[in-house]
Structures are given as structure tokens and as C-alpha cells.
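Residue strings, one per chain:
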Amino acid sequence: MSLLRRRKQPQREQPPPPSDGNGSDHDDDDKGKRPSSSAPASKEATRRTKARWSCVDSCCWLVGCVCSAWWLLLFLYNAMPASFPQYVTEAITGPLPDPPGVKLHKEGLRVKHPVVFVPGIVTGGLELWEGHHCAEGLFRKRLWGGTFGDVYKRPLCWVEHMSLDNETGLDKPGIRVRPVTGLVAADYFVPGYFVWAVLIANLARIGYEEKTMYMAAYDWRLSFQNTEVRDQTLSRIKSNIELMVATNGGNRVVVIPHSMGVLYFLHFMKWVEAPPPMGGGGGPNWCEKHIKAVLNIGGPFLGVPKAVAGLFSSEAKDVAVARAIAPDVLDSDFLGLQTLRHLMRMTRTWDSTMSMIPKGGDTIWGGLDWSPEDGFECKAKKQKGNDTEVSDGINGESVEVPPEPINYGRLVSFGKDVAEAPSSKIERIEFRDAVKGNNIAHSNTSCRDIWTEYHELGWGGIKAVADYKAYTANSIIDLHFVAPRMMQRGSVHFSYGIADNLDDPKYQHYKYWSNPLETKLPNAPDMEIFSMYGVGIPTERAYVYKLAPQAECYIPFRIDTTAEGGDENSCLKGGVYLADGDETVPVLSAGYMCAKGWRGKTRFNPAGSKTYVREYNHSPPSNLLEGRGTQSGAHVDIMGNFALIEDIIRIAAGATGEEIGGDQVYSDIFKWSEKIKLKL
């Protein structure tokens, strides 16, 4: 206390001023006139204190707060019980159902049939085994899948190594990129984004492990036959299936292909029975001896219209919208960021994309004035099967409103007016014999470093494509000069027609093996085939295009995102006509073969293998805590759908298609199939 008292002692008082002769004191008069000596000192101290606090101090203070909060949260996360996140989730959403694996384990289901996974396009990891100087330090690092960190560090180097040779469709000189092997090849696409991981985990709960599960990873960029030519992938799948059957008591395998893997496994089933050197030499009964069931998930059996949009402009609905919102990001030449052009240059070397061009021509997909899905109503809720809908009139009376006419058969229309006009009023100029005209990149050789095959098309060719106005599935196949090298290679490895006579020797060539309309299913009457896919999501079916502004090194065609329907229930959104499907594959492509083309004994299924259609009605997650949802029907998210996983586990444990309930249908696939006049 004495110390504090000493600190608080006032400064030493100055001697009092002299008084006047009258002895009067002038202190009171001077007290308000003389400023205190302590006031300037305190202001000066405050000014110095403020000057010492700089922006660096503020930044350090902010970083310190963030780090402290981070370490605190990390400590709490590690300290909390493992069941706490589930407790919070259940407190908000209610009790969670048991995962399918836990549920079926309680029912007594155990391992029986070995399982083979066949991933689709883009979901399998690819790693570098040999590269150019710019890829130094990336040996056996993932160029596809994983974190994609090297895309941002050296994007042009990445594009160079992810591209294939534009002449051969194989590796470029000095580059070797190979598929990742094992279950990790496609369990997650990127950390936190599952593909096969949820299904693998649920199978493990009833006893499956790596010796009873096999990921048939392959380089999805290559044509199907070239995966055997370069990597002997088809031979490896054959030998692995034979080994799994032999080491599991003779129980046949259950094969689960997804997306493009469905087409790849169709190719395999023909390859494995065909004699060498073109085939695997397994004989006509190999599939019957080794395969119990094929569970096709989201299979584009008859192709996807998205492949047509990729052919024209390397875009789909979401990319087109992003391009319209931020053209300077995707199209700008600033700093050399020709994003879409580099993307087109890379993807046009991937022969596998040609496998998904629509198959069956106008017979399947419709012509200028008709399509199987005529009458489809684009509503958020479940679509009705009626040809008209009833709404309230002005006076409350019911009036019939006809559905908006949609020409789905016109896969590409140049202009909304062309998409909606009767075919008799469309003036079309034949493109097949068009003169290409001047080379659009003739004066700028730098275009060839980033460009696509459009630099060989010329202004005359570009105008001829647009003047043809409307393209159906038949005319798309004839449009070779839009992508001459790509389509030339594609015609060697794939076919898109309908066979008149399947016994014709020409159909023994591998180019027909992935087209279900030009080949027969194996002689395997005891093998079951399932078509399992999501429904209830608007899915790309046809496109409205326009010519882009003329400039050097540009992509001349683009989706017209300004083309919109008349109301919120219109099927035309942002230049894209939508139909029912799983967001990527329309119902027509995913379901037709199992609903009709292979149903019973047909010329495409002479052995009479049983087929089933299993649809899963899409239900989005109700809140963020559900992640990507357990009832999703989306093309990739369906891999976490509990109902789908339960069906798969039951079949793997020995159940048949009839025992899991046979067909499960929510769409109009059977009605649409009947509209297709195909000789069976």
C-alpha cells in the first residue's frame, strides 16, 4: 500500500505566485487560464501508442486468433467421444437406419459369390509411369483422381500427359500413364467423394474382403480393345474371375459394372468367348460357367446425348451455363487460359468417349417429328402418364392444358425456332458434300498448339453444319468432318447401328461387341442381367445450339443458354431439353434392353437369360448432415443408395432376381419401349 501511495503522489507543487500589496490571492483567477502541464504529455503518450500498432500487428493478431481457434476445435474434436457426431445428427434428423450391411448381417447373410467391380469413365485413378521433363517428380503420382494438385501447378503439362496420340489412340512417345490397381483405384474419386467405397464397406460387413472382391480397373481413355492391346486388361479380368471362382468353392461371380463400365463389360463378354487372336479363347460357355449375374448400374446401353454435345463443343448443361456466366474464364485468351479449347484437345484423343454416341439411330431415339418419350411432362413431382394436365381456369373451372410439344428426336437444333418448328417448314442444306472453305486457323499456326480439329473445317464447313438445322441420331453419325480424326478412330472401334442378321460373319469383329443392338448375349441361360438406375431427375436429352462469334482459334458451336421454355414446368432449360433419367443417362438408354430388347428369348438374347429392371426413385438429402443422401438416384450418388446396396448384397449372398422382387419401375420405360418398332 505504501508503494501505491507513493506512485499516486501528486507532482511537487510549484511555489505560490507573489501576492499583490493588498494581500489578495490571484490563484482563482489564473486556475482556469493556465493549461495543465499533464494534458499535453498524456495526449503525446496516446499518440505514440497508436503509432506503434501497425498492420503487421493486426495480421499477426488475426492469424493468432485463427490458429488458436483451429487448435481448440482440433482438440475438442479429438477429445469428444466417437459417437458424438452421430448423437448430434440423430438429435436433429432422428434415429438413422442401420446401413444395409449391418441390417443384412443381422438377418444372417454371409459371403457367397465373389464380386467384381467394373468402374466407368473418369472414376478410375490414373498414375504416371513415364513422362516428359515438365512432369519431373510425379513418378507413380496420380494424374487423375486424388487431389488434382498438379493440375493447378502445371496445367499444360497435365493436359499433355493426359492426352493420347491423336493418330493411334495409344500413348504419346515418352509418356506412360497407367490405371491404378486394387480397390483403391476407384473407391474415392477425390478425398471425401466416394464412388465404390460405400458399397465396399457394406459388403465387408457381411464378410467380404479383398480376396472376394476385385476392382477391374482399366485405362478408361482407351478404346475397349486397345486396353487389351496395350495393357492386356481383358486377359487380366478373365484370369482373375477364373481364380476367384476356383478359390471360392466354384461359386460364380457377381459382376457390378457402372456407367461406361457397362459397355466395357458387354465388350468383355464377347471378347472372352471369341477365338484368339481377337478374343480370349474362353469358348461359348465361359460366361455360363463363371458369371452368376451382371448388375448394371446407370448403364448407357444405347449411348447418351451428352456425348453429342461433347462432340460439338466439349460442353454439357452445367459447362454451358458456366460459360455463359463467366465467358472470360473459359474462353478468354488472357494469360493463355483457353480452358475449353485445351479440354477439347485433350478429350478428343480419348477414344472411349465415342463408345457413348447414341446407338440405334432414329429407330431408338426418334426422328424429326417423333420420339418414344412424346408426352413426357417435366414437373418437379412425379410425372403423370396422361397426355394432358388439368388446371384451374379463370373462374375456377377445370381446363385441359396440353403438354408442351417436344421434339426429342432432334438431338441438336440450330436455334429454338428450328427445335419447335414442324419438319416440313425447316429448310435444310445438305452438309455431307459441303465445301469446307478457307482454313480458319491458316493464318495463325499457334492455334494448332491449343486447337481442335475445327481448324481443318473452315468457314464453309462450319456454315454447312449450321445450315443443316436439325440433327437426329442417324445424321450425327455421318457428321465426320466436325471431328475427323476422332470419328475415324471411333469408326474402327465402335458401331452404332442395328444388325439385320446377327449371324453375319462381320459381327464377329470387336467393333460391334459393345453395341447391344449388333451382338448377341452369351449362351448363358442361368446368368441374370439387371438394369439398375435412378429416375426422377431431369436429364439431358436434346440441345439447342448457335454459332459462336467468329474469331481465330475459337470453338464455333455452343449451346444457346438463352433458349428457355414458356414456364417453370418447361422441359427446355438453358438450351437443353430434359427428360427422365439419372442426370446423365436417360431412362430410354438405361432401361430399354432389359425392358424389351433382351426380355425373354429374342434375337439379341437367344439363350433367354432373365432380365430385370430395377429403378430407384430419386430423393435428395433433406439436410446437409445427410451428405449426398442415402436415397439418391443421381448417376454417381446412387452408389450410396441404401436400397440399391441392399439389392446388390442380397444377390451377392445368393438371392435371385425374383427373390428380391423382380422388376421395380417408377418411370414409363415399358410404355416408351413399346413405341420403338424394332424387330426382336
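Scoring rules and cut-offs
Residues numbered from 1 in each chain as written. Predicted model: local features only at pLDDT ≥ 70, side-chain atom pairs only at ≥ 80, totals over all residues. Heavy atoms only, no water. Pairing = 2+ DSSP bridges. Helix = DSSP H or I, 4+ residues; strand = E, 2+ residues; numbered from the N terminus. Axes fitted to C-alpha atoms, helices over the stretch in contact; angles between N-to-C directions. Contact = heavy atoms within 4.5 Å. Patch = residues over 30% accessible without salt bridge, like charges linked within 9 Å, V, L, I, M, F, W, Y side chains within 5 Å. Areas by Shrake-Rupley, 256 points an atom, 1.4 Å probe, with all protein chains shown as cover. Salt bridge = Lys/Arg side-chain N within 4 Å of Asp/Glu carboxyl O. Buried < 20%, exposed > 50% of the residue type's maximum accessible area, 1.4 Å probe, protein only. Expected span 1.5 Å × (residues − 1). Phe/Tyr/Trp six-rings, centres within 6.5 Å; stacked < 30°, edge-to-face > 60°. Lys NZ or Arg CZ within 6 Å of the ring centre and 35° of its normal.

Considerations on the sheet that holds strand 2 (residues 126–130)
As summarised here, the arrangement of the three strands in space is 3-2-4, forming an open sheet in which the pairing is antiparallel. A single partner strand is all that each edge strand has here, and the edge strands are strand 3 (142–144) and strand 4 (176–179). Averaged over neighbouring strand pairs, the angle between their axes works out to 45° when direction is ignored. Where strand 2 lies against strand 4, four bridges are found, and the strand directions are antiparallel. Of the residues in strand 4, the one forming a bridge with L126 is P179. The strands that helix 8 (residues 155–162) touches are strand 2, strand 3 and strand 4; relative to strand 3, the one it contacts most, it runs at about 80°.

Notes on a nonpolar patch on the surface
Together, L72, L73, F75 and L76 make up an exposed nonpolar region whose accessible area comes to about 430 Å². Within the secondary structure, L73 sits in helix 4 (residues 55–79). Since its relative accessible area comes to 55%, L73 is described here as exposed.

Things to note about helix 12 (residues 260–273)
End to end, helix 12 covers 21 Å across 14 residues, agreeing with the expected 20 Å (1.5 Å per residue, within 8%). In terms of residue burial, helix 12 counts as a mostly covered element, since 13 of its 14 residues are buried.

Some details on the packing of aromatic side chains
Per the counting criterion, the structure on display carries 26 aromatic pairs. Ring plane angle 40° and centroid distance 5.3 Å describe the contact between F312 and Y545, whose orientation is recorded as tilted. One end of the pair, F312, is in helix 14 (residues 306–313); the other, Y545, is in strand 15 (residues 537–547), with 233 residues separating them in the sequence. Among the residues examined, F312 registers a relative accessible area of 0% and is labelled buried. Assessed through its relative accessible area of 1%, Y545 is described here as buried. When the ring of F376 is compared with that of W672, the centres are 6.1 Å apart and the planes differ by 75°; the resulting orientation is edge-to-face. Taken as a pair, F376 in the loop between helix 18 (361–365) and strand 10 (389–392) and W672 in helix 26 (residues 669–675) lie far apart in primary sequence, 296 residues in all. Feature note: the residues F312, F414, Y468, Y471, Y543, Y545 and F557 constitute an aromatic cluster, connected by ring pairs. Of note, R628 hangs over the ring of Y193, and the distance from its end group to the ring centre comes to 3.7 Å.

By themselves, these figures tell us nothing about what the structure is for.
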